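# Structural characterization, general
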Amino acid sequence: MRVAKYYGRDDVRLEQIPAPEIGPGEVLVQVKACGLCGSDLMEWYADSKAPVVLGHEPVGFVSQLGSGVQGFTPGDRVFVHHHVPCFVCHYCRRGNYSSCPTFRENGIYPGGFAEYVRVRAINVQWDVLHLPDGLGFEEATLIEPTACAIRGVKRCGMQIGDKVLIIGAGVSGLLFSQLSRLWGASLVIATDLVEYRLRMALEFGADAVVNAKAQDCETQLLEATGGAGADLVIVTPGSVAAMQQGLRLAGKGGNVLIYGPLPPGGTLPVEVHDLLFSEKTLVTTYSCGPDDTRTALDLIRRDRVRTKGLVTHRFGLDEVERAMRLAAQATESLKVVITP
Ligand SMILES: [Zn+2]
Ligand SMILES: [Zn+2]
């Protein structure tokens, strides 16, 4: 079968490898679409695994079943979650699924940018979900990103009526703006440097937008919130400057959710005086559990979270390098998917 193997950002090769053989409890899935995630573009992350077949947001058809698999038949349309927790370890018992050692193992082989993936038995058991008829494969690639945002919203302590500022109007920002509305935010403001993304933010849940290149975010925000600042700031880029801006723009008693990571060793200078006397809270979130993927699918299938229009570009397996370059520019694109 064909795979796109990543050797480096400017070196992704189309290669032939044997299709995976499956064992008891496992499933072979023919990949029809796989989202390109921001993490695939982080060179510190991808390069440390290279050479590697990236892609962890696959959806497709069930192609073969290992012995003992129940609930699936060949031809079923499915979402595959690459991560599942064990449910019984210390972290799982506290609901911190993404800290579970089992969760940290990758449950799909070789990776989503391939014609077929083998899905490990425990993943088949807990987090392979049937896609409803009306939901296309491209939109279904947004189940995992939506689930990650749902986990972020659950962790960040958003309350009904909150005024929310979202830094970064990429696909995560647009999912957060929709979810904030669902969670009862009274005002959602999105900020970005790219005019196209701000226009999209207005279509996908933001009440107002601020072009951080042309306008002063602080003035705009204070005006919109009657001087109070944001009750919640969601920082989607993995950037120190954006995180510091988020801390500054959170109002007294406000929470700041850090969504995009920094490389290992990356530090964030924080003015503790302001943090403490303003009772601001820094919250982080990482990935999502099988509860979140189900919630995401429910919200997407009922159009509570709108995914139509979020996928802006599709590329074949032989074009992954181009796809990555386009997504990394972060200009007139939102979700980029690979369609083997
Ligand atoms: Zn991802
Ligand atoms: Zn566990």
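Residues numbered from 1 in each chain as written. Chains lettered and ligands numbered in written order. Predicted model: local features only at pLDDT ≥ 70, side-chain atom pairs only at ≥ 80, totals over all residues. Heavy atoms only, no water.

## A look at the sheet that holds strand E13 (residues 250-258)
The strands making up a sheet are joined through hydrogen bonds of the backbone, oriented either antiparallel or parallel. We apply this condition: What makes two strands pair is DSSP finding at least two bridges between them. Starting at the N terminus, helices and strands are each numbered in turn, a helix being any DSSP run of H or I of at least four residues and a strand any DSSP run of E of at least two. Interaxial angle, 0 to 180 degrees, is taken between N-to-C directions of lines fitted to C-alpha atoms, where a helix line uses only the stretch in contact. When checking whether two residues touch, look at their non-hydrogen atoms; a contact exists if any pair is within 4.5 Å.
Taken in spatial order, the six strands of this open sheet run E11-E10-E9-E12-E13-E14, and their pairing is parallel. The two strands at the open ends of the sheet, each matched to only one other strand, are strand E11 (208-211) and strand E14 (281-284). If you compare each strand with its neighbour and ignore which way they point, the axes differ by 20 degrees on average. Docked against the sheet, helix H8 (residues 195-203) engages strand E10 (187-192) and E11, running at close to 170 degrees with respect to E11.

## Notes on the pattern of salt bridges
So the rule is basically this: We define a salt bridge as a side-chain nitrogen of Lys or Arg found within 4 Å of a carboxyl oxygen belonging to Asp or Glu. We call a residue buried when its accessible area falls under 20% of the maximum for its residue type, exposed when it is over 50%, and partly exposed in between, using a 1.4 Å probe and counting protein chains only.
According to the stated counting rule, one finds 17 salt bridges in the structure shown. Residues arginine 2 and glutamate 115 are paired through a salt bridge, measuring 3.7 Å at the closest nitrogen-oxygen approach. Placement of arginine 2 in strand E1 (residues 2-8) and of glutamate 115 in the loop between strand E6 (108-109) and strand E7 (116-119) is noted, with a sequence separation of 113 residues between them. Since its relative accessible area comes to 26%, arginine 2 is described here as partly exposed. A relative accessible area of 22% places glutamate 115 in the partly exposed class. Put simply, Lys154, Asp291 and Asp292 are held in one network by salt bridges that share partners.

## Quick notes on the packing of aromatic side chains
Short version of the rule: In summary, the pairing rule links any two rings of Phe, Tyr or Trp, Trp by its six-membered ring, whose centres are within 6.5 Å, and it sorts them by plane angle into stacked for under 30 degrees, edge-to-face for over 60 and tilted for everything else. The criterion for a charge sitting over a ring is simple: Lys NZ or Arg CZ within 6 Å of the ring centre, and within 35 degrees of the ring normal.
If you walk through the whole model with that rule in mind, you get five aromatic pairs. With 6.2 Å between their ring centres and 75 degrees between their planes, tryptophan 44 and tyrosine 45 make a pair best called edge-to-face. The rings of Phe87, Tyr97 and Trp126 are connected pair by pair, giving a single aromatic cluster. In this structure, arginine 13 is placed above the aromatic ring of tyrosine 7, and the distance from its NZ or CZ to the ring centre is 3.6 Å.

## A short note on the coordination of the zinc ion (ligand 1)
Convention followed: Here the coordinating atoms are restricted to nitrogen, oxygen and sulfur within 2.8 Å of the metal centre, or 3.2 Å for Na, K and Ca, and because water is not among them the sites may look incomplete.
For the zinc ion (ligand 1), the full set of protein donor atoms is Cys37 (SG) and His56 (NE2), at a range of 2.2 to 2.4 Å. Pair noted here: cysteine 37 is in the loop between strand E3 (27-36) and helix H1 (43-49) and histidine 56 is in the loop between H1 and strand E4 (58-65), with a separation of 19 residues, a long-range link.

## Quick notes on a nonpolar patch on the surface
We apply this condition: Grouping into patches uses exposed residues only, defined as over 30% relative accessible area, and leaves out salt-bridged ones; the cut-off is 9 Å for like charges and 5 Å for nonpolar side chains (Val, Leu, Ile, Met, Phe, Trp, Tyr). Per-residue accessibility takes into account occlusion by the displayed protein chains alone, with areas from the Shrake-Rupley method and a 1.4 Å probe.
Taken together, the side chains of Val272, Leu276 and Phe277 make up a nonpolar region of the molecular surface, amounting to roughly 340 Å² of accessible area. Its place among the elements puts phenylalanine 277 in helix H11 (residues 272-277).

## Here's the deal with the nonpolar core
Going by this rule: Side-chain atoms within 4.5 Å link the members of a nonpolar core, which is a set of buried Ala, Val, Leu, Ile, Met, Phe, Trp, Tyr and Cys residues. An automatic or database domain assignment supplies the start and end points of every domain.
Leu131, Ile143, Leu174, Phe176 and Leu310 are the most contacted members of the largest nonpolar core, which has 49 residues in total. Going through the elements one at a time, helix H5 (137-140), helix H6 (143-156), strand E9 (163-167), helix H7 (171-182), E10, H8, strand E12 (230-235) and helix H12 (290-301) are the ones with two or more residues in this core. For this core, the element with the most residues is H6, which contributes seven residues. Counting contributing residues, this core receives three or more from each of domain 1 (2-142 + 307-338) and domain 2 (148-284). Formed by 36 residues, the second largest nonpolar core is a distinct cluster that contains Val128, Phe315, Val320 and Met324.

## Describing the coordination of the zinc ion (ligand 2)
Formally: Geometry assignment treats four donors as tetrahedral when all angles are between 85 and 135 degrees, treats four as square planar and six as octahedral when opposite donors are over 155 degrees apart and all others between 65 and 115, and treats everything else as irregular.
Around the zinc ion (ligand 2), the donor atoms from the protein are Cys86 (SG), Cys89 (SG), Cys92 (SG) and Cys100 (SG), and they sit 2.3 to 2.4 Å away. Given four donor atoms and angles of 104 to 116 degrees at the metal, the environment of the zinc ion (ligand 2) is assigned as tetrahedral. Each donor residue of the zinc ion (ligand 2) belongs to the same chain, with the gaps between them written as C-x2-C-x2-C-x7-C. In this structure cysteine 89 comes out as buried when scored by relative accessible area, which is 17%.

## Things to note about the packing of H6 against H7
Test applied: Angle categories: roughly parallel below 35 degrees, roughly antiparallel above 145, roughly perpendicular from 65 to 115, and oblique for all the rest. The crossing is said to be left-handed when, going from far helix to near helix, the turn is anticlockwise and less than a right angle, and right-handed when the turn is clockwise. Residues are grouped as follows: Ala, Val, Leu, Ile, Met, Phe, Trp, Tyr, Cys and Pro are nonpolar; Asp, Glu, Lys and Arg are charged; every other residue, Gly included, is polar.
Contact geometry for H6 and H7: axes closest at 10 Å, N-to-C directions at 50 degrees. Here H6 lies oblique to H7, going by the angle between them. When the axes of H6 and H7 are compared, the crossing they make is right-handed. Residue-level contacts link Pro145, Thr146, Ala149, Ile150, Gly152 and Val153 of H6 to Leu175, Phe176 and Leu179 of H7. Partitioned by chemical class, the residues of the contact of H6 with H7 number seven nonpolar, two polar and no charged.

## Description of unusual backbone geometry
Cis geometry is found at the peptide bond from alanine 50 to proline 51, where omega equals -5 degrees. Within the element layout of this structure, proline 51 appears in the loop between H1 and E4. In this structure, proline 110 follows tyrosine 109 across a cis peptide bond, with omega equal to 0 degrees. Turning to its location among the elements, proline 110 is positioned in the loop between E6 and E7.

## Considering the side chain of aspartate 192
Stated precisely, the cut-off is as follows: Positive charges come from Lys and Arg alone, negative charges from Asp and Glu alone, with His and the N- and C-terminal ends not counted. We call two N or O atoms a polar contact when they sit within 3.5 Å, provided that within protein one can donate a hydrogen and the other can accept it, with sequence-adjacent residues counted only if both atoms are side-chain atoms.
For aspartate 192, the position within the fold is in strand E10. Nearest to the buried, unbridged aspartate 192 among oppositely charged side chains is arginine 197, at 4.7 Å. Within the local environment of aspartate 192, its side chain forms a polar contact with the backbone nitrogen of valine 194, the two atoms lying 2.9 Å apart. Apart from residues lying up to four places away in sequence, aspartate 192 is in contact with Gly168, Ala169, Gly170, Arg197, Leu198, Val210, Asn211, Ala212 and Lys213.

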